[in-house]
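Analysis of the macromolecular model
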Amino acid sequence: MMEKEPFSEILKPLFSLGGIAGVAVIREGGVVFNSLPYQEAQSKVLMNEVAALFQGYRTAGRSIGYIVFHWDDLTLVLHGAGTVEYVVALHQAVVLNAVIGMLPGLDDAFARTLREIDVSKRQVMRIRLIPWAASLRTLEGALSKVVSDSQAKKMIERKLVLEKIDVDRPALQATVERFAMGVFANIGHKTKQKLLLSEFDAYLKTLN
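Anyway, here's the lowdown on the structure attached to this text. (Residues numbered from 1 in each chain as written. Predicted model: local features only at pLDDT ≥ 70, side-chain atom pairs only at ≥ 80, totals over all residues. Heavy atoms only, no water.)

We now examine the packing of aromatic side chains. Enumeration according to the criterion identifies 3 aromatic pairs in this entry. Aromatic pair Phe-184 and Phe-200: ring centres 6.4 Å apart, planes at 80°, arrangement edge-to-face. Linking Phe-184 in helix α6 (residues 173-184) with Phe-200 in helix α7 (residues 190-205), this pair joins segments that are 16 residues apart in sequence. For the pair formed by Phe-184 and Phe-200, the shared burial category is buried. Ring-pair connections join several aromatic residues into one group, and the members of that group are Phe-184, Phe-200 and Tyr-203. (Phe/Tyr/Trp six-rings, centres within 6.5 Å; stacked < 30°, edge-to-face > 60°. Helix = DSSP H or I, 4+ residues; strand = E, 2+ residues; numbered from the N terminus. Buried < 20%, exposed > 50% of the residue type's maximum accessible area, 1.4 Å probe, protein only.)

Dropping the structure here:
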């Protein structure tokens, strides 16, 4: 992730509104600024989900005007119609309209500042996308150790249909992990579930 300066300066007017718990700024799938009040693991899950949402809109040739929702007792505002995409966490929803009115005006400042930063020196957290094919083969291989091959295949196919997953499109690692956990949850034996999860986790680590 880039150093918070000079982005903190750009965001000063936003924080001056009061009631702002934190802000994250995303550019091209990378988090360039993050002051959201979450633990690292929780923040990673949130940013993966948000980045996937923004990416989905970009792929469709659209942008997010505003999306407002609740996450752990905070109101989150997503905005992604310019150079960068924003996640703003609010302690107080009363400042929501002020935030919505201010975000578009910050875009020019971010665009200028990002142009001034040497791309080769940027340390941006890239969102990892994983092909489904290899993951599903590994998942099926693990399942076949505790159920028949045909059962393993059916369990995976059923979950793919239920989740409406397009296997031709790579997915976020967090999405693949959740999918595997959902499939393994059908194995009634807790110890076997843990062993299968451990094996699948080992596979994911080979991708890093």
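Right, let's talk about the environment of Arg-58 for a bit. The topology assignment puts Arg-58 in helix α2 (residues 40-59). When the C-alpha atoms of Arg-58 and Gly-80 are compared, they prove to be 9.4 Å apart, with 22 residues separating the residues in sequence. Apart from residues no more than four positions distant in its own chain, Arg-58 is found in contact with Gly-29 and Glu-85. (Contact = heavy atoms within 4.5 Å.)

Mapped onto the elements of the fold, Phe-15 is located in helix α1 (residues 7-15). Given the relative accessible area of 32%, Phe-15 is considered partly exposed. A C-alpha to C-alpha distance of 10.0 Å links Phe-15 and Val-88, two positions 73 residues apart in sequence. Beyond its immediate sequence surroundings of up to four residues, Phe-15 is in contact with Ile-20, Gly-22, Val-23 and Ser-35.

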